[in-house]
Amino acid sequence: MIRTLLARAGLVATAACAATLLTAAPAAAHGADAPDGTDYRTRTTAVTPQRPGLEVRVVEAGARLELTNDTGRAIEVIGYSGEPYLRVGPDGVFENSRSPATYLNRTIAGDTALPAEADPAAPPTWRRIADGTTARWHDQRALWQESAPPAAVRAAPDREHRVRDWTIPLRDGADPVTIGGTLDWVPPPDAYTWWAVTIVGLLAVGALGLVAAAAPAGSRALSALGALLVAGGVVAVAYPVGRELDAGAQGVGGVLVGLLSGQTWALLTGLGAIAAGWYALARRPAADFAVALAGACLALFAGAANAAVFARSIAPVPWSPEAARVMVAVVLVTGAGATAAGTLRLHANARAAARAPRVEDAERGATAGG
């Protein structure tokens with residue numbers, strides 16, 4: 001029985017790794033557009049002159065700007081050469097296929113090759129890209145695009161630095177409007193401290209697997225593992241929900257669409273950990289196997305996948321970076337700790353099952369000899 005469960009665990013783990021590799025390319029592309037963390041803080045300061053109904057904010061840890069236009073009029077975002085780039089109004093969101101910004105802003109790196117039709121001096125050719133009155137786009141004027149940090153940061157990396165003030169021009173009919181903002185360098189946290197605390201925590205949780213499963217304390221240890229998995233699963237679900245909210249998802253439907261399109265593994269492993277935790281709390285058969293497998297998936301897909309926040313000062317969630325790091329640490333501690341504890345309990349059960357026939361043979365031999 002134990003060998004069968006371990007074999008199944010190996011097959012599931014292999015399938016999970018294969019799925020990760022097969023989906024690595026699109027995931028990497030999505031990750032480039034929605035970074036797991038950054039040390040550059042982008043903020044908007046004002047829209048000048050003010051336009052009631054026009055709102056601009058930073059989303060995805062500074063990777064994109066979000067403009068919502070409820071003025072009832074069309075507002076144009078001006079591209080890098082002074083050409084119309086986006087048009088946002090009551091009839092939807094349109095992009096100018098002649099604007100170079102249309103192509104450069106498709107990735108955060110701005111490295112898309114320009115087609116022959118891109119000509120900022122040509123009359124705009126508008127193409128509808130979305131319903132509603134909200135547009136989101138990368139804008140290189142609000143980002144730091146160099147691979148190395150600015151000279152001031154290199155000279156004093158332990159201090160916060162203003163990299164630049166930035167502006168993005170808009171047009172409301174014939175009237176010019178400006179989005180103003182700032183770009184700052186924020187010193188990153190000490191990743192070693194976060195990893196050290198996480199490792200100590202997962203070792204403490206893993207130690208629950210050393211308690212003899214057959215003893216009363218072993219049952220309590222299994223219940224504790226179940227409760228920890230439920231808690232870790234809840235946190236693992238909350239984190240990607242936060243990422244979608246930070247990316248500008250609106251309402252329950254918008255969050256669900258974002259989760260299913262870009263955060264599927266984190267969502268599924270979080271829900272799986274909750275289910276495995278309840279299974280362990282009910283002390284069902286093969287609970288140790290469920291704990292070990294769910295913990296491994298939780299640590300890999302919801303913990304390690306977001307561990308970049310340990311080394312980045314800005315996290316892609318709508319709460320503080322410190323809270324984000326605590327959440328990721330909780331997921332890693334419960335996931336990796338549950339994997340270790342469940343594996344230890346499976347190993348102990350396998351040894352006990354192997355000893356049982358030898359004890360019975362010895363007892364039968366003693367009886368026959370008597």
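Criteria and thresholds
- Residues numbered from 1 in each chain as written.
- Predicted model: local features only at pLDDT ≥ 70, side-chain atom pairs only at ≥ 80, totals over all residues.
- Heavy atoms only, no water.
- Helix = DSSP H or I, 4+ residues; strand = E, 2+ residues; numbered from the N terminus.
- Buried < 20%, exposed > 50% of the residue type's maximum accessible area, 1.4 Å probe, protein only.
- Contact = heavy atoms within 4.5 Å.
- Areas by Shrake-Rupley, 256 points an atom, 1.4 Å probe, with all protein chains shown as cover.
- Pairing = 2+ DSSP bridges.
- Axes fitted to C-alpha atoms, helices over the stretch in contact; angles between N-to-C directions.
- Expected span 1.5 Å × (residues − 1).
- Core = buried A, V, L, I, M, F, W, Y, C linked by side-chain atoms within 4.5 Å.
- Parallel < 35°, antiparallel > 145°, perpendicular 65-115°, else oblique.
- Left-handed = near helix turned anticlockwise from the far one by under 90°.
- Nonpolar A, V, L, I, M, F, W, Y, C, P; charged D, E, K, R; others polar.
- Phe/Tyr/Trp six-rings, centres within 6.5 Å; stacked < 30°, edge-to-face > 60°.
- Lys NZ or Arg CZ within 6 Å of the ring centre and 35° of its normal.

Trainee: Looking at this structure, how should I read the overall build of the chain?
Mentor: Tallying secondary structure elements over the chain gives ten helices and ten strands in all. Per-residue burial over the chain gives 44% buried out of 370 residues. Put simply, of all contacts in the chain between residues at least 6 apart along the chain, 68% involve residues at least 24 apart. When the accessible surface of the chain is totalled, it reaches about 18,100 Å², and 63% of it is carbon and sulfur.

Trainee: Quick question: what am I supposed to make of the sheet that holds strand β8 (residues 134–137) here?
Mentor: Two pairing modes exist for strands in a sheet, parallel and antiparallel, and in both the strands are linked by backbone hydrogen bonds. Here three strands make up an open sheet; going across it, the order is β2-β3-β8 and the pairing antiparallel. At either margin of the open sheet sits one strand with a lone partner, and together these are β2 (54–59) and β8. Direction aside, the axes of adjacent strands within the sheet are offset by 15° on average.

Trainee: Can you help me understand the side chain of Arg243 in this one?
Mentor: With respect to the secondary-structure elements, Arg243 resides in helix α6 (residues 216–246). Among residues more than four places away in sequence, those in contact with Arg243 are Ala34, Pro35, Asp36, Gln263, Asn306, Pro316 and Val317.

Trainee: Where do I start with α6 in this structure?
Mentor: Since the α-helix advances by 3.6 residues per turn, residues separated by three or four positions end up pointing in the same direction. If you check α6, its first and last C-alpha atoms are 46 Å apart, about what 31 residues at 1.5 Å a residue would give, namely 45 Å. The positive-phi residue at the C-terminal boundary of α6 is Gly248, with phi of around 100°.

Trainee: What should I look at first to understand the nonpolar core in this one?
Mentor: Side chains of nonpolar character tend, in soluble globular proteins, to be buried together. Leu229, Tyr239, Val291, Leu298 and Phe310 are the most contacted members of the largest nonpolar core, which has 30 residues in total. Elements with a contribution of two residues or more to this core: α5 (191–206), α6, α8 (264–281), α9 (287–303) and α10 (321–369). In terms of residue count, the dominant contributor to this core is α10 (nine residues). Once residues within four sequence positions are removed from consideration, Leu298 is found in contact with Leu229, Gly232, Gly233, Ala236, Thr269, Gly270, Ala273, Gly303, Val331, Thr334 and Gly335. The next biggest cluster of nonpolar side chains, apart from the first, holds 25 residues, and it includes Val56, Val88, Ile168 and Leu183.

Trainee: Please explain helix α7 (residues 251–262) as it appears in this structure.
Mentor: Here α7 spans 17 Å end to end across twelve residues, near enough to the 16 Å set by a 1.5 Å rise per residue. Of the surrounding elements, those touching the buried residues of α7 are α6 and α8.

Trainee: What exactly am I supposed to notice about the packing of α6 against α8 here?
Mentor: For any two helices packed against each other, the geometry comes down to the angle between their axes and how far apart the axes lie. The geometry of α6 relative to α8 is characterised by a closest axis approach of 7 Å and an angle of 160° between their N-to-C directions. Considering their axes alone, α6 and α8 lie roughly antiparallel with respect to each other. As α6 runs across α8, the sense of the crossing is left-handed. Along the contact surface, α6 presents Leu222, Ser223, Gly226, Ala227, Leu229, Val230, Gly233, Val234, Ala236, Val237 and Pro240, while α8 presents Ala266, Leu267, Gly270, Leu271, Ala273, Ile274, Ala276, Gly277, Trp278, Ala280 and Leu281. Of the residues in the contact of α6 with α8, the class split is 17 nonpolar, five polar and no charged.

Trainee: How should I be thinking about the packing of aromatic side chains in this particular structure?
Mentor: Each aromatic ring pair is specified by the distance between its two centres and by the angle formed by the two planes. Evaluation of the coordinates by the stated rule reveals five aromatic pairs. Judged by centre distance (6.3 Å) and plane angle (20°), the rings of Tyr40 and Trp144 are stacked. On the criterion of sequence distance, the pair formed by Tyr40 in strand β1 (residues 40–48) and Trp144 in the loop between β8 and α4 (151–155) is long-range, its members being 104 residues apart. Here Trp144 falls in the partly exposed class, since its relative accessible area comes to 23%. Ring geometry for Trp195 and Phe310: centres 5.0 Å apart, planes at 85°, overall edge-to-face. With Trp195 in helix α5 and Phe310 in the loop between α9 and α10, this residue pair connects regions lying 115 residues apart in the sequence. We classify Phe310 as buried; its relative accessible area is 0%. A network of ring pairs unites the aromatic residues Tyr40, Trp144 and Trp185 as a single cluster. One cation-aromatic arrangement involves Arg87 over Phe94; the distance from NZ or CZ to the ring centre is 4.5 Å.

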